[in-house]
Amino acid sequence: VLGSFGIIRGVIKIVEASMVGYLPMPSDPVLTRITNVFRDWRTIQTIYGVALTVAAVVLIVGSIGLMRRRGGSYWILMSWSILKLSLAAAGAGIAVAVQREIELAMGLPSPPRDFASIFQGLTTLLWFGASPVFVLIWLVWPANRADFKRRPSSDRPHPPTRLPP
């Protein structure tokens, strides 16, 4: 379910970033500057949307392996958790930077510790970082690690997957 939502979120981010170029320029100079901020960040937002979509596909593949009780799903889900945490940090950084640029475009003074920018970054980090942290904790839980060690990595019978101690 989360992987499907992630794909939808990534595709929406890509479409949203590509549509910014088609926005009509408003007559108000402040709105024009704000629109230009979004246009300046279009490429980074598109790359971020593609990365979110890839992370969602990795989550779906790992989840299918988990449902089929494959030992290899441990590494796929571990990779997804690290990738998703990296994307959460990147998303928080992007959110802070865009928020500050919008405030500057509006003519607001932007002190180094602007509350709105910091709040935007923290909520982004917490929202997108919660599920990978949960999965990381679940993967390293002793009972779950022992279960993964007993699982085959495919349908062919062979020794259990070796995990680090």
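Along every chain, residues carry numbers that run from 1 in the direction the sequence is written. For a predicted model such as this one, the threshold for reporting local features is a pLDDT of at least 70, and the threshold for listing and counting side-chain atom pairs is 80 or more; totals across whole chains, interfaces and linings nevertheless cover every residue. Side-chain measures here rest on the full set of heavy atoms in the structure, leaving out hydrogens and waters.

For the rest of this paragraph, the subject is the overall build of the protein chain. A tally of regular secondary structure across the protein chain gives 6 helices and 0 strands. The linear arrangement of helices and strands in the protein chain, starting from the amino end, is α-α-α-α-α-α. To sort residues, take the accessible area from a 1.4 Å probe on protein chains only and compare it with the maximum for the residue type: under 20% means buried, over 50% means exposed, and anything in between is partly exposed. Counting every position in the protein chain, which comprises 165 residues, the buried fraction comes to 35%. Here, Shrake-Rupley sampling with a 1.4 Å probe gives the accessible areas, and only protein chains in the shown set may cover a residue. By element, 72% of the accessible surface of the protein chain is carried by carbon and sulfur atoms, the whole surface being about 10,100 Å². We count a stretch as a helix when DSSP gives it H or I for four or more residues in a row; a strand needs E for two or more, and each element gets its number in order from the N terminus.

Lines fitted to the C-alpha atoms define the axes, with helices restricted to the stretch that makes contact. Angles between their N-to-C directions range from 0 to 180 degrees. In contact at an axis separation of 9 Å, helix α2 (residues 29–40) and helix α4 (residues 73–105) are set at 160° when each is read in the N-to-C sense. When the axes of α2 and α4 are compared, the pair comes out roughly antiparallel. The crossing of α2 and α4 is right-handed. From α2, Val30, Arg33, Ile34, Val37 and Phe38 reach across to α4, where they touch Val98, Glu101, Ile102 and Ala105. We call Asp, Glu, Lys and Arg charged. Ala, Val, Leu, Ile, Met, Phe, Trp, Tyr, Cys and Pro are nonpolar, and the rest, Gly among them, are polar. Of the residues in the contact of α2 with α4, the class split is 7 nonpolar, no polar and 2 charged. By the definition adopted for this analysis, an angle is roughly parallel if under 35 degrees, roughly antiparallel if over 145, roughly perpendicular if from 65 to 115, and oblique otherwise. Left-handed is the label given to a crossing in which the near helix is rotated counterclockwise from the far helix by less than a right angle, and right-handed is the label when the rotation is clockwise. A contact between two residues is defined here by any heavy atoms of the two lying within 4.5 Å.

Here we come to the nonpolar core. Residues enter a nonpolar core if they are buried and are Ala, Val, Leu, Ile, Met, Phe, Trp, Tyr or Cys, with the set joined through side-chain atoms within 4.5 Å. Among the nonpolar cores identified, the biggest contains 18 residues, and Val37, Val98 and Leu139 are the most heavily contacted of them. Among the elements that take part in this core, α4 stands out by supplying 9 residues, more than any other.

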